[in-house]
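Here's the letter readout for the chains.
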Amino acid sequence: MRTLISNIKTLVGIDTELKPRLQGAEMSRLGQMDDAWLLVEDGRIASFGLMADWAARGEHVDVEVDAAGGMVLPSWCDPHTHIVYAGSREAEFVDKIRGMSYAEIARRGGGILNSADLLHTMSEDQLYEQALARAREMMLKGTGCIEIKSGYGLNPDDELKMLRVIRRMKETLPVRIVSTFLGAHAVGRQYTQPEYVDLIVNEMIPEVGRQRLAEYIDVFCDTGFFTPEETARILEAGARWGMQPKIHADELASSGGVEVGVAHRALSVDHLESMADEQIETLRGSVTMPTALPGTSFFLNMPFAPARKMIDAGLGVAVASDYNPGSTPSGDMKFVVSLACIKLRLLPEEAINAATINSAYAMGLSRDYGSIAVGKVANFFITQPIPSVSFIPYAYTTPIVSRVFLKGKEVI
């Protein structure tokens, strides 16, 4: 099947060098071509060029889609979500309005533990239907790759239930999904912390590995959660079963999460609201992608990750939604891009790269996703007619997505 997207005002995110990630000054370079076409063949990008040159090529296509003067961008890639969860936590939202902090809610047994209690009462089918609706909403807003974590089970049966739901979503949705085992999200109510770490290492990880339910492993390495030493032990156990690390790090304090992530060659370290200059130096020269979650800072009234400082120091930065019921009940990556500009002080080009090629890297997917490049999977969206690329983050609540294509096929 050959599909032509014609009359594109601007083709955005063109990548001719096939770099796996962008760092430092590279992040402000966003390849663009005006008055363009894009050719898709068998689900991958076959070629692209100027509309003025298309007729001379004399190529046959099966389907032509008129972009009608809209722009075409690579699909957003969201490398940090928790969209398999039960119900919602708006009561805690009200608690926060009244002045209670995220840490205080967690200490009194709320937060993650509340979600775990509710998830325990729900069937796998119920969880699947709820998560499916969230994923479809994300897809229709332009997201084409989603990382999904477990972590609201906090016991072997419920963690496996969550991971089976993620596997079902992989099998039924056109969006590219990767799964992460986050048993170390908090300590289950019925365990002491040493008991729970032993359970993760000795029982949960081997069973997740035997059933091949997760590509990645994550730990909430932060004050009040898991120590760097516990984190290292869990990551090493996961590595024995082929799970690469992705770390919750330095959200609540500069607590050693970045250091343990880099030491274990984590694909990403995420949150970073409390990271210090020393952690920026730790990340320099590593394979680890710092990933900011500005929606979390916005929703919880927390500091924002120092993304501007990281880019100016020569690092790459990715952004993600952190879609979850407690701290970020939104998977709208366009809004994340707006926050990246408004609060992280990224240029629009930097923010779009952070939400596409660099966020694909933070999922281990940038070889096939995250940019407009010949041979990559044809995940992209067509915008409504808009005046410029900068309009995307500028008009922070304006819907811009007109049509969505995943694996070269339109998603309706």
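Higher on the page you've got the structure.
Residues numbered from 1 in each chain as written. Predicted model: local features only at pLDDT ≥ 70, side-chain atom pairs only at ≥ 80, totals over all residues. Heavy atoms only, no water.

Engineer: Please clarify how helix α8 (residues 228-240) should be interpreted in this entry.
Structural biologist: Residues spaced three or four apart along an α-helix point in a common direction, a consequence of the helix completing one turn every 3.6 residues. If you check α8, its first and last C-alpha atoms are 18 Å apart, about what 13 residues at 1.5 Å a residue would give, namely 18 Å. Among all positions in α8, only E230, T231, A232, I234, L235, A237 and G238 are buried. Each element contacted by the buried residues of α8 is listed here: β8 (176-184), α7 (193-211), β9 (216-221), β10 (244-249) and α9 (257-263). Of the residues trailing α8, G242 is marked for its positive phi of about 80°. (Helix = DSSP H or I, 4+ residues; strand = E, 2+ residues; numbered from the N terminus. Expected span 1.5 Å × (residues − 1). Buried < 20%, exposed > 50% of the residue type's maximum accessible area, 1.4 Å probe, protein only. Contact = heavy atoms within 4.5 Å.)

Engineer: Could you clarify how one ought to interpret the pattern of salt bridges in this entry?
Structural biologist: Two side chains carrying opposite charge are able to pair once their charged atoms lie near each other. This model, assessed by the stated rule, comprises 24 salt bridges. We note a salt bridge from R308 to E350, for which the minimum N-O separation is 2.8 Å. With R308 in helix α12 (residues 307-312) and E350 in helix α14 (residues 348-354), this residue pair connects regions lying 42 residues apart in the sequence. For E350, a relative accessible area of 4% gives the class buried. The partner of E410 in a salt bridge is R403, with the nearest N and O atoms 2.9 Å apart. (Salt bridge = Lys/Arg side-chain N within 4 Å of Asp/Glu carboxyl O.)

Engineer: What exactly am I supposed to notice about the packing of helix α5 (residues 124-140) against helix α6 (residues 156-172) here?
Structural biologist: A pair of packed helices is captured by two measures, namely the crossing angle of their axes and the spacing between those axes. Across the interface, α5 lies against α6 with an axial gap of 10 Å and an inter-helix angle of 50°. Relative to α6, the element α5 is oriented oblique. When the axes of α5 and α6 are compared, the crossing they make is right-handed. Residues E124, D125, L127, Y128, A131, L132 and A135 of α5 form the contact with α6, whose own contacting residues are K161, R164, V165, R168, M169 and T172. Considering only residue class, the contact of α5 with α6 consists of seven nonpolar, one polar and five charged. (Axes fitted to C-alpha atoms, helices over the stretch in contact; angles between N-to-C directions. Parallel < 35°, antiparallel > 145°, perpendicular 65-115°, else oblique. Left-handed = near helix turned anticlockwise from the far one by under 90°. Nonpolar A, V, L, I, M, F, W, Y, C, P; charged D, E, K, R; others polar.)

Engineer: What am I meant to see in a nonpolar patch on the surface here?
Structural biologist: Among the surface-exposed residues, F93, V94 and I97 lie close enough to one another that they form a single nonpolar patch of about 270 Å² accessible area. Relative to the assigned elements, V94 resides in helix α2 (residues 90-97). For V94, a relative accessible area of 34% puts it in the partly exposed group. (Patch = residues over 30% accessible without salt bridge, like charges linked within 9 Å, V, L, I, M, F, W, Y side chains within 5 Å. Areas by Shrake-Rupley, 256 points an atom, 1.4 Å probe, with all protein chains shown as cover.)

Engineer: Can you walk me through the side chain of T328 in this structure?
Structural biologist: By the secondary structure assignment, T328 is in the loop between β13 (318-319) and α13 (333-342). Residue classification places T328 among the buried positions, given a relative accessible area of 4%. Looking at T328, its side chain comes within polar contact range of the side chain of T296, at 2.9 Å. Discounting residues that sit within four places of it in the chain, T328 has contacts with G295, T296, F299, S321, D322 and Y323. (Polar contact = N/O pair within 3.5 Å; in protein donor to acceptor, adjacent residues only side chain to side chain.)

Engineer: Sorry if this is basic, but what is going on with the sheet that holds strand β7 (residues 143-149) here?
Structural biologist: Strands in a sheet are paired, the pairing made by backbone hydrogen bonds, and the direction either parallel or antiparallel. Taken in spatial order, the eight strands line up as β6-β7-β8-β9-β10-β11-β12-β13 in an open sheet, and their pairing is parallel. Two strands lie at the open edges of the sheet, namely β6 (76-78) and β13, each paired on one side alone. Helix-sheet contacts for α7 involve β8 and β9, and the interaxial angle to β8 is about 150°. (Pairing = 2+ DSSP bridges.)

Engineer: Looking at this structure, I do not really get the state of the cysteines. What am I missing?
Structural biologist: Note on terminology: a disulfide is the covalent bond linking the sulfur atoms of two cysteines. Tallying each qualifying case throughout the model produces zero disulfides. Between C77, a cysteine without a disulfide, and C145, which holds the nearest cysteine sulfur, the sulfur-to-sulfur distance is 3.8 Å. Taking relative accessible area as the criterion, C77 reaches 1% and is therefore assigned buried. We note that C341 lacks a disulfide partner, and the nearest cysteine sulfur, in C77, lies 17 Å from it. Given a relative accessible area of 13%, C341 falls into the buried group. (Disulfide = S-S within 2.5 Å.)

Engineer: Mind showing me how you'd approach the nonpolar core here?
Structural biologist: As a rule of thumb, soluble globular proteins bury nonpolar side chains together. Core analysis: the largest hydrophobic core is formed by 101 residues, its most contacted members being W76, M169, F181, I234 and V319. Among the nonpolar cores identified, the runner-up in size contains 17 residues, and I5, I14, F48 and F405 belong to it. (Core = buried A, V, L, I, M, F, W, Y, C linked by side-chain atoms within 4.5 Å.)

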